[in-house]
Amino acid sequence: NDKVTTNETIEFFDINSLEGTKMYKAGIKFILEVALKNTLKNSEVIFLHSVPGGMLSEIKTSKIIDENDISLIKQEMARLIDADLPFIKYNVLKSDASKYYYETNTPEKALNISTCDNIITIYKLDKYLNYFYVNLPMSTKCLNKFTLKYLGNNRLIILYPSYLSKGKIPEYVHHQEIINTFYEAQEWLKKLNTPYLADLNKLVNDSKIKGFIESCELHYNDQIRKVSEEIVKNSQIKFVMIAGPSSSGKTTTTRILSSYLRSIGYKPICISTDDYFVDRVNNPKDEYGEYDYECLQALDIEALNHDLLALLKGEEIITPTFNFITGKKELSNNHLKLEDNSILLMEGLHSLNDELTPYIPQEYKYKIYLSPFIPLNIDRHNYISTIDLRLIRRIIRDKRTRGKSFDVTLKGWRSVRSGEEKYIFPYTHQANWVINTALPYEIGVLKVYIEPILYSVSNSSPYYEEARRLIKFLASFYPISSEYVSQNSMLREFIGGEYND
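Residues numbered from 1 in each chain as written. Predicted model: local features only at pLDDT ≥ 70, side-chain atom pairs only at ≥ 80, totals over all residues. Heavy atoms only, no water.

Focus: the overall build of the protein chain
So, step 1. When you go through the protein chain residue by residue, the secondary structure sums to 14 helices and 14 strands.
So, step 2. Summarising its shape, the C-alpha atoms of the protein chain cover approximately 70 × 50 × 50 Å along the three principal directions.
So, step 3. Within the protein chain, buried positions represent 54% of all 501 residues.
So, step 4. With the model as given, the accessible surface of the protein chain reaches about 23100 Å², and the carbon-plus-sulfur share is 49%.
So, step 5. Taken together, the 61 basic and 64 acidic charged side chains of the protein chain have centroids lying 3 Å from each other. (Helix = DSSP H or I, 4+ residues; strand = E, 2+ residues; numbered from the N terminus. Buried < 20%, exposed > 50% of the residue type's maximum accessible area, 1.4 Å probe, protein only. Areas by Shrake-Rupley, 256 points an atom, 1.4 Å probe, with all protein chains shown as cover. Lys, Arg positive; Asp, Glu negative; His and termini not counted. Charge placed at Lys NZ, Arg CZ, Asp CG, Glu CD.)

Brief notes about the side chain of S258
So, step 1. Tracing the backbone shows S258 in helix 8 (residues 250–263).
So, step 2. Setting aside its immediate chain neighbours within four residues, S258 contacts P268, C270 and L345. (Contact = heavy atoms within 4.5 Å.)

Remarks on the packing of aromatic side chains
So, step 1. All chains considered together, the criterion is met by 13 aromatic pairs.
So, step 2. Ring plane angle 80 degrees and centroid distance 6.4 Å describe the contact between Y133 and F473, whose orientation is recorded as edge-to-face. Of this pair, Y133 sits in the loop between strand 5 (128–130) and strand 6 (147–152) while F473 sits in helix 13 (residues 464–474), and the two are 340 residues apart along the sequence. Assigned by exposure class, Y133 and F473 land together as buried.
So, step 3. Arranged with centres 6.0 Å apart and planes meeting at 35 degrees, the rings of Y291 and Y293 form a pair that is tilted.
So, step 4. For Y291, a relative accessible area of 29% translates into the label partly exposed.
So, step 5. Taken together, the aromatic side chains of Y100, Y101, Y131, Y133, F473 and F477 make up a single cluster linked through ring pairs.
So, step 6. Across the ring face of F47, the terminal group of K29 is positioned such that the distance to the ring centre comes to 5.3 Å.
So, step 7. Positioned over the ring face of Y291 is K285, at 5.1 Å from the centre of the ring. (Phe/Tyr/Trp six-rings, centres within 6.5 Å; stacked < 30°, edge-to-face > 60°. Lys NZ or Arg CZ within 6 Å of the ring centre and 35° of its normal.)

Here we look at the pattern of salt bridges
So, step 1. Under the criterion given, the structure shown has 27 salt bridges.
So, step 2. Notably, a salt bridge pairs R155 with E58, separated by 3.8 Å at the nearest N-O pair. Of this pair, R155 sits in strand 7 (residues 155–159) while E58 sits in strand 2 (residues 54–60); the two residues are 97 residues apart in sequence, bridging distant segments of the chain.
So, step 3. Looking at R155, the relative accessible area reads 22%, which means it is partly exposed.
So, step 4. Under the relative-accessibility criterion, E58 is labelled buried at 15%.
So, step 5. For K447, the salt bridge is made with E451, and the minimal N-O distance between the two is 4.0 Å. Of this pair, K447 and E451 both sit in helix 12 (residues 442–455), four residues apart, which is roughly one turn of the helix.
So, step 6. Residue K447 is classed as buried on the basis of its relative accessible area of 8%.
So, step 7. Within the structure, one salt-bridge network assembled from shared partners comprises K22, D388, E466 and R469. (Salt bridge = Lys/Arg side-chain N within 4 Å of Asp/Glu carboxyl O.)

Structural notes on the sheet that holds strand 5
So, step 1. Read from one edge of the open sheet, three strands run 3-4-5, paired in antiparallel fashion. Two strands lie at the open edges of the sheet, namely strand 3 (88–93) and strand 5, each paired on one side alone. Taken pair by pair, the neighbouring strands of this sheet meet at an average axis angle of 35 degrees, ignoring direction.
So, step 2. Pairing of strand 3 with strand 4 (residues 119–125), which is carried by six bridges, proceeds in the antiparallel orientation. Bridging across to strand 4, L93 finds its partner in I119.
So, step 3. Along the sheet face, helix 1 (residues 18–39) touches strand 4 and strand 5 and points at about 145 degrees away from the line of strand 5. (Pairing = 2+ DSSP bridges. Axes fitted to C-alpha atoms, helices over the stretch in contact; angles between N-to-C directions.)

Here's what the structure looks like:
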């Protein structure tokens, strides 16, 4: 609706872009919120976290809702969409927005706004106001693909299309262990009186963040202690398979798990499936003609299984090392042998998939899935995306360890995400244990490292808008010094300074 008065470059967003997916998601959230208020009196929806293909939410009302209520909500959402209602955008003073949210009993929103620029963008749909960390579409009409999956106990999954699903609603696969892991972390944060970002910022402001950081680190390590105790209960387990999406902390978690097992009398040995890549000239390519490093065929499965079977027989092996510069496997000096009290930890993208280890009997394998399900919400309608958290981690690590620019990391991110959707998420329900690798304080630390990178992105970059979106998202977080982060922290895997850095 803006009049163009000078020469401009206009970029159109649709569901096939990262930006378009985020706009779609925010719009569907607002439509669900309005539909719920129009359908059930004195009710409210809390958006909690992302799940594969959608997001987890909870309806706060005076009763336990049923499928009939869900049907009514869906009908009202469809009515709002068919009515082609506009998302009306207002730029208001920060003080006015803060006053409004105090008056509507959402103090965490008011406190978040206090850290932002003087002008706040708020959207109106029907008769309701809300704010989001992305732009919304022009109207509701384009958001006509969604479905609701009721889990019971007022918990709801909203499924919507994305650039990865090519505009289709993904099929829902229930991941109860992931949901349980998130709720466990959420309840733990409530006990620490830190459910929202505003509470974390207050700890920073009151110089109490050091103790909170120590609590987060202990909680993360305690998860690994518990899984190590589970593993040793079964003497048949010889291979612990550790998988997780990019930047989920696989390296550090594997190292700490190894330390716990060693402390109770085991001799853990470690293998990374990355060392079993096929030579690059033999690596399959994707639909764009680029090397597909995420697919299962990028690994030399026969060589890997040959070595694993040799270990089971008590033989000594020499693992290869993949040279990422030359794109070839090389011999190493890493001699491995399974002794009576040994256990092998194998981390990699495909570790949950039995097609990676087809010759290894199931009874010898124990599978662990890692991902950072950060339970700290910005407010009741805006949560911290797992994808955004992992992207921020990856940008910082790529810059620090490989000298990659923001543009180079973003260019490869779509391929990374596509690989996760194909090769990790369909297998997460097979995991014996889920470890939440999110540290609720970490974005405050990461902010210090990533903001200089984001501000350096030129407006001629194709990813300029994504850089500005992340800057806007980070604005509400108080910066946290890394001096309180221990050298053994999982976060050191990304910001540097760990014991083997």
